[in-house]
Amino acid sequence: MSESSAEAVAAVASATGAAANWRRATGFAGAAIGVIAAGAAAGVAIERMTVGRGMRAKARLALDSAGPYGSLRGMPGKAYGDDGTELYYEVDDIDPEAAPALTPRRRRLFGRKAPAPVTVVFSHGYCLSQDSWHFQRAALRGVVRTVHWDQRSHGRSGRGVAQTEQGTHVDIEHLGRDLKAVIDAAAPEGPLVLVGHSMGGMTVMALADQYPELIRDRVVATAFVGTSSGKLGEVNFGLPVAGVNAVRRVLPGVLRALGQRAELVEKGRRATADLFAGIIKRYSFSSRDVDPAVARFAERMIEGTPIDVVAEFYPAFTDHDKTEALALFTDMPVLVLAGVGDLVTPSEHSEAIADLLPDAELVLVPDAGHLVMLEHPEVVTDRLADLLTRAGAVPAGATVSGYGSTSSTAQRG
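Please read these numbers as outputs of a predicted model, since none were measured by experiment. (Residues numbered from 1 in each chain as written. Predicted model: local features only at pLDDT ≥ 70, side-chain atom pairs only at ≥ 80, totals over all residues. Heavy atoms only, no water.)

Trainee: Please clarify how the overall build of the protein should be interpreted in this entry.
Mentor: The secondary structure content of the protein amounts to 18 helices and nine strands. By element, 53% of the accessible surface of the protein is carried by carbon and sulfur atoms, the whole surface being about 16,100 Å². (Helix = DSSP H or I, 4+ residues; strand = E, 2+ residues; numbered from the N terminus. Areas by Shrake-Rupley, 256 points an atom, 1.4 Å probe, with all protein chains shown as cover.)

Trainee: How should I be thinking about the packing of helix H8 (residues 172-186) against helix H9 (residues 199-210) in this particular structure?
Mentor: Working note: a packed helix pair is described by the angle between its axes plus the distance between those axes. Where H8 contacts H9, the two axes come as close as 7 Å, and the packing angle between them is 80°. One way to sum up the angle between H8 and H9 is to call them roughly perpendicular. Across the interface between the two elements, Ile172, Glu173, Leu175, Gly176, Arg177, Leu179, Lys180 and Ile183 from H8 touch Met199, Met202, Thr203, Val204, Ala206, Leu207 and Gln210 from H9. Grouping the amino acids of the contact of H8 with H9 by side-chain chemistry returns nine nonpolar, three polar and three charged. (Axes fitted to C-alpha atoms, helices over the stretch in contact; angles between N-to-C directions. Parallel < 35°, antiparallel > 145°, perpendicular 65-115°, else oblique. Contact = heavy atoms within 4.5 Å. Nonpolar A, V, L, I, M, F, W, Y, C, P; charged D, E, K, R; others polar.)

Trainee: Where do I start with the environment of Met332 in this structure?
Mentor: Assignment of secondary structure puts Met332 in the loop between helix H15 (307-319) and strand E7 (334-339). As a C-alpha pair, Met332 and Asp359 span 27 residues in sequence and 8.5 Å in three-dimensional space.

Trainee: So what exactly am I meant to see when it comes to the packing of aromatic side chains here?
Mentor: Between two aromatic rings, the relevant description is the distance of the centres plus the angle of the planes. Applying the stated criterion across every chain yields a total of six aromatic pairs. Note on Tyr69 and Phe135: the rings are 5.3 Å apart at their centroids and 50° apart in plane angle, and the pair reads as tilted. Of the two residues, Tyr69 is situated in the loop between helix H4 (53-66) and strand E1 (75-80) and Phe135 in helix H6 (residues 134-140); the sequence distance between them amounts to 66 residues. Overall, Tyr69 belongs to the buried group, its relative accessible area being 15%. Among the aromatic residues, ring-to-ring pairing joins Tyr69, Phe135 and Phe297 into one connected group. (Phe/Tyr/Trp six-rings, centres within 6.5 Å; stacked < 30°, edge-to-face > 60°. Buried < 20%, exposed > 50% of the residue type's maximum accessible area, 1.4 Å probe, protein only.)

Trainee: Help me understand the environment of Asp367 in this model?
Mentor: As for its placement among the helices and strands, Asp367 is situated in the loop between strand E8 (361-365) and helix H17 (372-375). The exposure class assigned to Asp367 is partly exposed, which follows from its relative accessible area of 42%. Each C-alpha atom of the pair Asp367 and Ser286 lies 5.4 Å from the other, and the pair is 81 residues apart in sequence. If sequence neighbours within four positions are ignored, Asp367 has contacts with Ser286, Ser287, Glu375 and His376.

Trainee: When you look at the layout of surface pockets in this model, what are you seeing that I'm missing?
Mentor: Rolled over the atoms, a probe as big as a water molecule pinpoints where empty space is left. Of the voids in this model, the second largest pocket is the one considered here, and its volume is about 240 Å³. For the second largest pocket, the full set of lining residues is Lys281, Arg282, Phe285, Ser286, Ser287, Arg288 and Leu343. Across the lining of the second largest pocket, the residue classes break down as two nonpolar, two polar and three charged. (1 Å grid on protein atoms, 1.4 Å probe; cavity = no way out; pocket = protein on both sides within 12 Å on 5 of 7 lines; lining within 4 Å. Points joined across faces, edges and corners; volume = space filled by probe spheres on them.)

Trainee: Which parts of the structure should I look at to understand helix H16 (residues 347-356)?
Mentor: Because an α-helix completes one turn every 3.6 residues, residues spaced three or four positions apart along the sequence face the same direction. By the burial criterion, the buried members of H16 are Ser347, His349, Ser350, Ile353 and Ala354. Angular distribution of buried residues about the axis of H16 spans 155°; they occupy a single face of the element. Projecting away from the buried face of H16 at angles above 90 degrees are the exposed residues Glu348 and Asp355. (Arc of directions from axis to C-beta.)

Trainee: Help me out: how do you make sense of the pattern of salt bridges in this one?
Mentor: Pairing is possible between side chains that carry opposite charge, provided their charged atoms lie close to one another. Counted according to the given criterion, the structure contains 22 salt bridges. The residue Asp93 makes a salt bridge to Arg145 at a minimum N-O spacing of 2.9 Å. In this pair, Asp93 is assigned in the loop between strand E2 (86-92) and helix H5 (104-110) and Arg145 in strand E4 (residues 145-149), connecting sequence segments 52 residues apart. Since its relative accessible area comes to 46%, Asp93 is described here as partly exposed. Ionic pairing is found between Glu299 and Arg296, a salt bridge with its closest N-O pair at 2.9 Å. Here Glu299 pairs with Arg296, and both are found in helix H14 (residues 292-303), just three residues apart, close to one helical turn. Sharing partners across several salt bridges, the network here consists of Arg73, Glu90, Asp92, Asp131, Arg137, Arg141 and Arg156. (Salt bridge = Lys/Arg side-chain N within 4 Å of Asp/Glu carboxyl O.)

Structure (structure tokens):
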């Protein structure tokens, strides 16, 4: 199964209750998808014994209104893919007053000196948006120049022109070209640090594969977070062999069919919101004590991705193989970080990347799932700050060990 089949499965699972006729049309897909949904459904069933549907709906609304996550905004800009797709990005520039009057948080992260003119470009994963980097963006804001962008058909970016007008699926190579367009528009000069989570990490690899001179000439450091360089078709999501094989057989076809009935699927999502939330939590987080507002924030991002977009992107992950492109990152500081409990892109994939980059820092975060940057933001921010220090983007004497309360839980390879 591919990189974010969990999100794809969640969309299918939420759609299967929309109409009885449509369930029959999808054959035994519901049984296969049910293998993944069962664990989440059990928890939801128990919850329903004690909490009314109306109360749960009110709780979701309260979390939506109370959570500040995803509220950070920067200077907006637009780039355009080679097929004309509008790509939305935001720039957070260095605060000109930060150097003489650093806040305690900034001083704790990077010391007192002004950072070097480096731009850090963040690329997000499948069914997410630039807002998935909320905590890291908040920590780095004003300290170093950053660019956050939405992948095509995600967030505030436009729907992929090649997909809507030509009916073609997305491939990772196209995402690499999109990233190049964003860099050309938002950071045409100066050194770069590339940070990618999941599909965003694959996008960085695709950029390197197609534009090796950019990597050699301008990229001074890279971070791969919860991602993979290939062999995603072998991911089993912790399921028994029979369940995995069933899902592999039916999911691509079911997604294509559901993508053609997007309106019905979105109604199904709303009708089965509790089950959908349970699946998302299982495949996004590993720890039991995730802030409910953070979990709801992740749910909103994923449920905001239309089913036809899920279907357009899904085939790209099975075909993804950028192992050879990793050689371009050997002569720079590299961070490879993953959650030990990641069921979507298992930490073994990050270990495989680190094996090919022997000088990279490998950080495995216990009790963390796929969305490690939301689940344990202090660990991710701490290691990113250290990477920026090693790359010369921030003062060499910076102290980052005091940031956050759980950074000591990370295991470094």
